[in-house]
Amino acid sequence: MSRIKRWINMHKDEFNADGTLKDEVRQQKLSLGAHPEAVDDYARRVKEEYDEWKHLDETDPEPWPIYTAYDFFSEQEKREFNPDGSLRPEYVEYAQKIGISESALEQLEWRKKIEVDDYNKVSAKYAEKGINFGAWQMRGRIEDSRTYGQRRQEMEQDLRNFEPEDSLPFDKDTSY
């Protein structure tokens, strides 16, 4: 998505999509006592910013990696589900062999499809505003994984200090 889409979204109340001050906004500012030169200066400065952002979009576009809901599935979920949220046939076969009912599998699939659909809707809504939702989510996941070791060390210290179990970041009985 482009910088200019973000700019338009930020300034849509006062400025047109081409970066010019809306006539009604100019008239309102003047009617509230603003000096015409000040209004013109404001309009010029914001238009310069618009032009700069537009130029950057044309000469140095921002990377826009595409992430799907599937990119956020756990490894277990990737073995069980297709990218659209439907169950994989081999998983259905396995699940039925171990006694999972067809209705339970249908419910599982229905929930995952809703999750995928919700991700797609949120991603599209953010994209309209010039925000890459998937990249934002992925950065959060990467940051969480970077701090895992630190949180584990802190938990070990918390255990030595006899902190209450419900305050720990992980289950103390989980092998990590």
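Residues numbered from 1 in each chain as written. Predicted model: local features only at pLDDT ≥ 70, side-chain atom pairs only at ≥ 80, totals over all residues. Heavy atoms only, no water.

So, the overall build of the protein chain
Put simply, the rule reads: Every helix listed is a DSSP run of H or I at least four residues long, and every strand listed is a run of E at least two residues long, numbered separately from the N terminus. C-alpha atoms define the radius of gyration in this analysis, and the globule rule sets the expected value at 2.2 Å times the number of residues to the power 0.38. Categorising residues by exposure relies on relative accessible area from a 1.4 Å probe, with only protein chains included: less than 20% of the type maximum marks a residue as buried, more than 50% marks it as exposed, and the intermediate range marks it as partly exposed. Methods summary: accessible areas were calculated by the Shrake-Rupley approach with a probe of 1.4 Å, and residue burial reflects only the protein chains presented.
Tallying secondary structure elements over the protein chain gives seven helices and zero strands in all. Helices and strands appear in the protein chain in the N-to-C order α-α-α-α-α-α-α. The C-alpha atoms of the protein chain give 26 Å as radius of gyration, which overshoots the globular expectation for 176 residues (16 Å, by more than 25%). Taking all 176 residues of the protein chain together, 25% fall into the buried category. With the model as given, the accessible surface of the protein chain reaches about 12,400 Å², and the carbon-plus-sulfur share is 50%.

Points about the packing of aromatic side chains
Note the threshold: Pairing of aromatic side chains here covers Phe, Tyr and the six-membered ring of Trp, requires ring centres within 6.5 Å, and sorts the geometry by plane angle: under 30 degrees stacked, over 60 edge-to-face, intermediate tilted. Any Lys NZ or Arg CZ that is within 6 Å of a ring centre and within 35 degrees of that ring's normal is treated as a charge sitting over the ring.
A complete count under the given rule lists twelve aromatic pairs for this structure. Look at Tyr126 and Trp136: their rings are 6.1 Å apart centre to centre, the planes differ by 20 degrees, and that puts the pair in the stacked class. Linking Tyr126 in helix H6 (residues 102–128) with Trp136 in helix H7 (residues 133–160), this pair joins segments that are ten residues apart in sequence. When its relative accessible area of 29% is taken as the criterion, Tyr126 is described as partly exposed. Classification of Trp136 as partly exposed rests on a relative accessible area of 43%. Through a chain of ring-to-ring contacts, the aromatic side chains of Tyr67, Phe72, Tyr119, Tyr126, Phe133 and Trp136 assemble into a single cluster. Over the face of the ring belonging to Tyr70 we find Lys78, whose NZ or CZ atom lies 5.3 Å from the ring centre.

Describing the pattern of salt bridges
Put simply, the rule reads: What counts as a salt bridge is simple: a side-chain nitrogen of Lys or Arg found within 4 Å of a carboxyl oxygen of Asp or Glu.
Following the criterion strictly, the structure yields 13 salt bridges and no others. With its nearest N and O atoms 3.4 Å apart, the salt bridge here joins Arg3 to Asp57. You can see Arg3 sitting in helix H1 (residues 3–11) and its partner Asp57 sitting in helix H3 (residues 36–59), a full 54 residues away along the chain. Side by side, Arg3 and Asp57 carry an identical accessibility label, which is buried. Arg3 is paired through a salt bridge with Glu62; the nearest N and O atoms lie 3.8 Å apart. Placement of the pair is Arg3 in helix H1 and Glu62 in the loop between H3 and helix H4 (75–80), with a sequence separation of 59 residues.

Some details on the side chain of Arg88
This is how the line gets drawn: Any pair of N or O atoms that falls within 3.5 Å is considered a polar contact. Within protein, one atom must be able to donate a hydrogen and the other to accept it, and sequence-neighbouring residues count only if both atoms are side-chain atoms. In what follows, residue pairs with any heavy atoms lying within 4.5 Å of each other are defined as contacts.
Among the secondary structure elements, Arg88 is positioned in the loop between H4 and helix H5 (89–97). Polar contacts involving the side chain of Arg88 include one to the main-chain carbonyl oxygen of Lys78, which spans 2.8 Å. Among the polar contacts made by the side chain of Arg88, one reaches the side chain of Asn82 at a distance of 3.3 Å. When residues no more than four places from it in sequence are discounted, the contact partners of Arg88 are Tyr70, Lys78, Arg79, Glu80, Phe81 and Asn82.

Some thoughts on the environment of Val92
Positionally, Val92 belongs in helix H5. In this structure Val92 touches Leu87 and Leu105, once residues within four positions along its chain are discounted.

Describing the nonpolar core
For clarity, the cut-off: By nonpolar core is meant a set of buried Ala, Val, Leu, Ile, Met, Phe, Trp, Tyr and Cys residues that side-chain atoms within 4.5 Å join together.
In terms of nonpolar packing, the biggest core is built from 13 residues, with Ala69, Phe73, Leu87, Tyr91, Leu105 and Tyr119 touching the most fellow members. Breaking this core down by element, the ones donating at least two residues are H5, H6 and H7. Here the element with the most residues in this core is H6; it accounts for three residues. Other than its neighbours up to four places away in sequence, Leu105 contacts Leu87, Tyr91, Val92, Ala95, Gln96 and Ile100. Core analysis: the next-biggest nonpolar cluster, separate from the first, contains ten residues, Trp7, Phe15, Tyr50 and Trp53 among them.

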